[in-house]
Amino acid sequence: MKKLAILGSTGNVGTQVLDVVDKYPEKFKIIALSTNGNVELLKKQIEKYQPLYVGVADTEKAEILKKEISIPVFSGEENNIQIAKLEEYDTLINSVVSLAGIDATLVAIERKKNVALANKETLVSAGEIVMRKAKENGVQIMPIDSEHSALFQCLNGEDIKTVHQLVITCSGGALRDKTKEEIENASVEDALGHKTWSMGKKITIDSATLMNKGFEVIEAMWLYDMPIEKIKVVIHPESIIHSMVEYSDASIIAQLSDPDMRLPIQYALSYPERWDAPIKRFDFSKNLTFKEPDLERFPCLGLAFWAAKDLGTLPAVMNATNDFMVGKFLDGECKILDIYETIKKVMESHKNVKNPKLEDIKNAINWAREEAKNIFK
Ligand code: MG
């Protein structure tokens with residue numbers, strides 16, 4: 001039986017993790033759950049899964065909850081770290097959507113826990129440190145993202161030295177077929193109109209700008225120890241092939257399925273086993289198509305390649321500025337291309353620190369937020 005601590009259990013990924021748990025209740029015990037502020041849903045989850053601990057980032061809501069339930073409630077920004085420090089769990093599922101995810105991942109690794117990672121910030125901003133610590137502690141990081149799960153499966157049993165390139169597929173996002181002018185004037189609703197995958201708002205905007213794909217490129221570098229030159233992005237609107245690995249003999253191994261996040265989530269929990277899944281079977285009458293990404297219309301992807309090449313604190317700066325700007329876009333305070341413009345300016349004025357320590361990364365993130373604020377004014 002796996003003992004799970006689920007960070008971000010009320011979010012898009014977290015609720016789908018619990019869907020998998022519901023399908024195989026005998027295989028899991030829920031030790032801890034956490035939420036940013038969705039206490040209503042958390043309460044329902046507490047009743048159903050009977051965790052031993054919960055975390056709530058919103059301190060006011062945490063105080064109210066403490067009076068209503070008898071189990072410990074960790075509150076504030078640190079709640080996820082406190083959960084990661086617990087003895088009782090064996091697998092941390094990190095699906096918080098913010099930089100708060102980094103520390104929790106590192107704590108779990110130091111305690112030699114299994115880590116299933118849906119939190120992008122961990123590897124984008126601190127990939128070098130996280131992977132080094134994972135290696136030192138003999139911890140395997142299981143990706144929950146569909147693309148990285150696909151790569152993991154395509155690399156299984158192969159010699160990593162024979163990899164010619166990793167090919168990461170991309171649906172193209174809600175603005176895939178729009179002209180440059182249409183993209184410039186895209187509303188929040190236009191950018192959220194993502195059809196293939198159902199995801200949270202922040203990541204849906206990141207999909208529309210292709211910044212999300214850029215993050216995934218950087219994550220793939222760290223997860224599979226690949227230089228950026230060996231990673232290719234290809235637009236694949238049907239989202240059936242979730243990524244591929246091309247080998248030195250020109251063979252390409254791909255992983256396919258109907259798009260459903262519960263599959264990579266379940267595989268992260270079942271590996272090395274495969275369990276039955278309630279996923280729609282692939283319909284072979286469908287055509288699969290591919291296109292090169294257009295960096296002219298989607299320049300954020302170019303920024304990610306730049307950050308991936310220079311590394312150091314630059315990816316963290318890119319990520320933090322994107323975080324800030326996507327918030328502004330969702331609040332209707334800027335246009336979608338302002339996200340790119342601001343990130344570019346902040347990256348250009350950043351003094352990159354190579355081989356950063358965690359403190360350097362945190363400093364760079366704080367600096368980037370301030371710089372973004374100033375530029376945005
Ligand atoms: Mg993905």
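Look up a bit, the structure's there.
The notes below deal with the structure included here. Note that the coordinates shown come from a computational prediction; the quantities given were computed from them, not determined experimentally.

What counts and how
Note on numbering: residues in each chain are counted from 1, in written sequence order. Under the rules for a predicted model, residues below a pLDDT of 70 receive no local features and side-chain atom pairs below 80 are neither given nor counted, while totals for whole chains, interfaces and linings still include all residues. For side-chain calculations, the full set of non-hydrogen atoms in the structure is used, while hydrogens and water are omitted. Think of it this way: any DSSP run of H or I at least four residues long counts as a helix, any run of E at least two long counts as a strand, and we number them from the N terminus. Pairs of residues are marked as contacts when any of their non-hydrogen atoms sit within 4.5 Å. Every accessible area reported is derived by Shrake-Rupley at a probe size of 1.4 Å, with residue values counting cover from the shown protein chains alone. A positive count includes Lys and Arg, and a negative count includes Asp and Glu. His and the chain ends are not counted in either. For charged residues, the charge sits on one atom: NZ in Lys, CZ in Arg, CG in Asp, CD in Glu. Note: metal donors comprise N, O and S atoms at 2.8 Å or less from the metal (3.2 Å for Na, K and Ca); water molecules are not included, so apparent gaps in a site are possible. The buried label applies to any residue whose accessible area, calculated with a 1.4 Å probe on protein chains only, is under 20% of its type's maximum; exposed applies above 50%, and partly exposed to all values in between. To pair, rings of Phe, Tyr and Trp, with the six-membered ring standing in for Trp, must have centres within 6.5 Å; the planes then decide the type, stacked if under 30 degrees apart, edge-to-face if over 60, and tilted in the middle. Here, any two strands with at least 2 DSSP bridges between them count as paired. Think of each axis as a best-fit line through the C-alpha atoms, taken over the contacting stretch in the case of a helix, with angles from 0 to 180 degrees between the N-to-C directions.

## Brief notes about the overall build of the chain
In terms of helices and strands, the chain carries 16 helices and 11 strands. When its C-alpha atoms are laid out on the principal axes, the chain stretches across 55 × 50 × 40 Å. Taking the intrachain contacts of the chain between residues at least 6 apart in sequence as the baseline, contacts between residues at least 24 apart amount to 67%. When the accessible surface of the chain is split by element, carbon and sulfur atoms take 49% of a total near 16,700 Å². Where the 48 positive side-chain charges of the chain centre and where its 56 negative ones centre are 2 Å apart.

## Some details on the coordination of the magnesium ion
Within the protein, Asp145 (OD), Glu147 (OE) and Glu216 (OE) serve as the donor atoms for the magnesium ion, at 2.1 to 2.4 Å. Counting residues between consecutive donors of the magnesium ion along the chain gives the motif D-x1-E-x68-E. Of this pair, Asp145 sits in the loop between β7 (141–143) and α7 (146–155) while Glu216 sits in helix α11 (residues 211–223), and the two are 71 residues apart along the sequence. Of the two residues examined, Asp145 and Glu216, each falls in the buried class.

## Things to note about the packing of aromatic side chains
Working definition: an aromatic ring pair is given by the centre-to-centre distance plus the angle between the planes. All told, the structure shown has eight aromatic pairs when counted by the stated rule. Between Phe152 and Tyr271, the ring centres sit 4.9 Å apart and the planes meet at 80°, which makes this aromatic pair edge-to-face. Of the two residues, Phe152 is situated in helix α7 and Tyr271 in the loop between α12 (262–270) and α13 (299–310); the sequence distance between them amounts to 119 residues. Judged by its relative accessible area of 25%, Tyr271 is partly exposed. Ring geometry for Phe324 and Phe376: centres 6.1 Å apart, planes at 85°, overall edge-to-face. Taken together, the residues span a long stretch of sequence, with Phe324 in helix α14 (residues 314–330) and Phe376 in helix α16 (residues 358–376) at a distance of 52 residues. By relative accessible area, which is 17% here, Phe324 ends up buried. Judged by its relative accessible area of 25%, Phe376 is partly exposed. Chaining the aromatic ring pairs together yields one cluster made of Tyr24, Phe28 and Trp275.

## Here we look at the sheet that holds strand β2 (residues 28–35)
Ordered in space as β4-β3-β2-β1-β5-β6-β7, the seven strands form an open sheet in which the pairing is parallel. At either end of the open sheet lies a strand with only one pairing partner, and these are β4 (73–75) and β7. Ignoring which end each strand starts from, the neighbouring axes of this sheet average 20° apart. Sheet topology note: the strand β6 (residues 114–117)/β7 ladder contains three bridges and is parallel. Bridge pairing links Val115 to Ile141 in β7. Sheet contacts for helix α3 (residues 59–68): β3 (53–56) and β4; angle to β4, the most-contacted strand, approximately 165°. On top of the sheet, helix α6 (residues 120–136) reaches β5 (91–94), β6 and β7; it is set at about 145° to β7, its chief contact.

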